[in-house]
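# Descriptive analysis of the structure
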Amino acid sequence: MKKIVSVMLLLFLMGCASDEVRRDRFFLQGNNALQNGELNDAVDFYTKALTIDPKFARAYNNRGVAYIEDDHPYEAIQDYNQAIALDEDYYDAIFNRAFAYEQIGKYDDALADLNQVKQQYPDSAYVYFYQGLLETHMRSYDAAKESFKMAIGMNPSNEEAKVNLATLYYFQDSLSMAMDQLKEIVKNNPTQSSALNTLSQVYLAAGDYQNALITINQALKIEPSEPYFLNNRGQVYLEMQSYDLALKDINRSILLDPKNSWAYRNKGLYFLAQKQYDDAIRLFEKALAGNEFLDEIYVPFGQAMLMSGKPDMACELWQQGVKNHEKSAQSLLEQHCN
């Protein structure tokens, strides 16, 4: 009898070990698929691992990553919730959930998750950098500047944090301060394409179209197929009234990245300049539907609505423009709206 019991116990333990081996094999296959960009396969492998072990927190987290990479943020959030429910100290999942919340525009929830991570990792420069990005999306520019300064203090070589800090000065119309910081970055690293791209935007805001074009061309020489750089050169051409060149760059930007909301905004500006107001409205709506941080869109959107005979909608858009600190929104409200 003892021998039979021993054999049964041995078989049970072997079965458990086999399940764990199969679970881990599916998990590793999922990791390989995720690394290779095979997102559907990754989800399938992680699901198989979870079928064997429904309490496998890492599989929920990694499947969430596959979902977010495949542009399914809501499914990702559900998986991160499961991972965190199984392990409340799973800070990778908490951080990943913050990113997913950002993707759907729930910035307060993203910031709340990030604050949990920051309590555990108070000396992480990247946490402060990401906090600055979230605060920028929330248009809390002063708070974002402090976050980027903290990130730079912890990691003085973080050029992206410095570029983002300069961008905030640009957003707040401190053009000379933004320009000085960006020139310093480029002086230390002439191939810092993000700094060149942003410096071009600062020149453009200052009305210096020649230097704006020279600088964005320098950025594109480093990264010829960067869709945001192409779109920004398109914006420079728009301001120079070189409309054919502008449309060519903007269309190429959209072809390279169909989710680039800034490019749809700029294409809307193109149609507005051509007095094709219905097309402009359609493009502005498409830009806003992308749920991406956008600047200076409500003013031209309202202008297109006004020229289409929809003054009430124009006034609503300009009111939103005032909230977003867009230039000339307040004067347009006072001029056209009661």
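Each remark here, short or long, concerns the structure printed above.
Heads up: these notes are all about the structure in this document. Please read these numbers as outputs of a predicted model, since none were measured by experiment.

### Describing the packing of aromatic side chains
Counting across every chain of the model gives 14 aromatic pairs. Taking 5.5 Å as the distance between ring centres and 45° as the angle between the ring planes, the aromatic pair formed by F171 and F293 counts as tilted. Separated by 122 residues along the polypeptide, F171 in helix α9 (residues 159-171) and F293 in the loop between α16 (277-289) and α17 (298-307) bring together distant segments of the chain. Under the relative-accessibility criterion, F171 is labelled buried at 17%. The exposure class assigned to F293 is buried, which follows from its relative accessible area of 9%. Taken together, F95, Y126, F129, Y130 and F148 form an aromatic cluster joined through their ring pairs. Cation over ring: R23 sits above F56, and NZ or CZ is 4.0 Å from the ring centre. Cation over ring: K286 sits above Y264, and NZ or CZ is 5.1 Å from the ring centre.

### Brief notes about α9
Relative to the 18 Å expected for 13 residues at 1.5 Å per residue, α9 spans 18 Å between its end C-alpha atoms, a close match to the ideal helical length. Burial analysis of α9 places ten of its 13 residues in the buried class, the great majority of the element. The set of residues buried in α9 consists of A161, V163, N164, L165, A166, T167, L168, Y169, Y170 and F171. Looking at the buried side of α9, the elements it contacts are α7 (125-137), α8 (141-154), α10 (175-188) and α11 (193-205). Structurally, the start of α9 carries an N-cap: the backbone nitrogen of E160 is 3.2 Å from a side-chain oxygen of N158.

### Concerning the state of the cysteines
Note on terminology: a disulfide is the covalent bond linking the sulfur atoms of two cysteines. Under the criterion given, the structure shown has one disulfide. C315 shares a disulfide with C337; S-S distance 1.9 Å. Taking the sign of the S-S torsion, about -100° here, the bridge from C315 to C337 comes out left-handed. In this pair, C315 sits in helix α18 (residues 311-323) while C337 sits in the segment after α19 (329-336), placing the two residues 22 residues apart along the sequence.

### Points about the nonpolar core
Counting 68 residues, the largest nonpolar core has F148, L182, V202 and W318 as its most contacted members. Element by element, the count of residues in this core is highest for α9, at eight residues. When near neighbours in sequence (up to four residues on either side) are disregarded, L182 contacts V163, A166, A195, T198, L199 and V202. Within the second largest apolar cluster, 37 residues are counted, among which are Y60, Y67, Y101 and Y130.

### Section: unusual backbone geometry
Look at D71: it is not a glycine, yet its phi comes out positive at around 65°. Relative to the assigned elements, D71 resides in the loop between α3 (57-69) and α4 (73-86).

### Comments concerning the environment of D249
In this fold, D249 is placed in helix α14 (residues 243-256). A relative accessible area of 5% means that D249 is categorised as buried. Here the alpha-carbon distance between D249 and P227, two residues 22 residues apart in the chain, equals 8.8 Å. Excluding its chain neighbours within four sequence positions, the residues that come into contact with D249 are L230, R233, G234 and Y237.

### With respect to the pattern of salt bridges
Within the structure shown, the criterion is met by eleven salt bridges. Several salt bridges share partner residues, and in doing so they unite R23, D24 and D53 into one network.

### Some remarks on the packing of α11 against helix α13 (residues 227-239)
At their nearest, the axes of α11 and α13 sit 11 Å apart, and the two run at 20° to each other. In terms of their interaxial angle, α11 and α13 are classed as roughly parallel. Every pair of crossing elements has a handedness; the one defined by α11 and α13 is left-handed. Along its contact with α11, which presents S193, S194, N197, S200, Q201 and L204, the element α13 presents Y228, F229, N232, Q235, V236 and E239.

Cut-off values and rules
Residue numbering note: each chain is counted from 1, following its sequence as written. Under the rules for a predicted model, residues below a pLDDT of 70 receive no local features and side-chain atom pairs below 80 are neither given nor counted, while totals for whole chains, interfaces and linings still include all residues. The basis for every side-chain value is the complete set of non-hydrogen atoms in the structure, without hydrogens or water. Paired rings are identified among Phe, Tyr and Trp, the last through its six-membered ring, by centres lying within 6.5 Å, and are further divided according to the angle between planes into stacked (under 30 degrees), edge-to-face (over 60) and tilted (the rest). Under the scheme used here, helices are H or I runs from DSSP no shorter than 4 residues and strands are E runs no shorter than 2 residues, and both carry numbers assigned from the N terminus. Each residue gets one of three labels from its accessible area relative to the maximum for its type: buried under 20%, exposed over 50%, partly exposed in between, using a 1.4 Å probe on protein chains only. In this scheme, Lys NZ or Arg CZ marks a charge over a ring once it lies within 6 Å of the ring centre and within 35 degrees of the ring normal. The span you would expect from a helix comes to 1.5 Å times its residue count less one. Residue contacts are defined here by distance: any two heavy atoms, one from each residue, within 4.5 Å place the two residues in contact. In the analysis that follows, any N or O atom pair within 3.5 Å is treated as a polar contact, provided that within protein one partner can donate a hydrogen and the other can accept it, and provided that, for residues neighboring in sequence, both atoms belong to side chains. The rule for a disulfide is simple: a pair of cysteine sulfur atoms within 2.5 Å. Definition of nonpolar core: a set of buried residues of the types Ala, Val, Leu, Ile, Met, Phe, Trp, Tyr and Cys, connected through side-chain atoms within 4.5 Å. Any carboxyl oxygen of Asp or Glu that lies within 4 Å of a side-chain nitrogen of Lys or Arg is treated as forming a salt bridge with it. Inter-axis angles, ranging from 0 to 180 degrees, are taken between N-to-C directions of lines fitted to C-alpha atoms, where helices are fitted over the stretch in contact. Angles are sorted into four bins: roughly parallel if under 35 degrees, roughly antiparallel if over 145, roughly perpendicular if 65 to 115, and oblique for all others. Should the near helix be turned anticlockwise from the far one by less than a right angle, the crossing is left-handed, and should it be turned clockwise, the crossing is right-handed.

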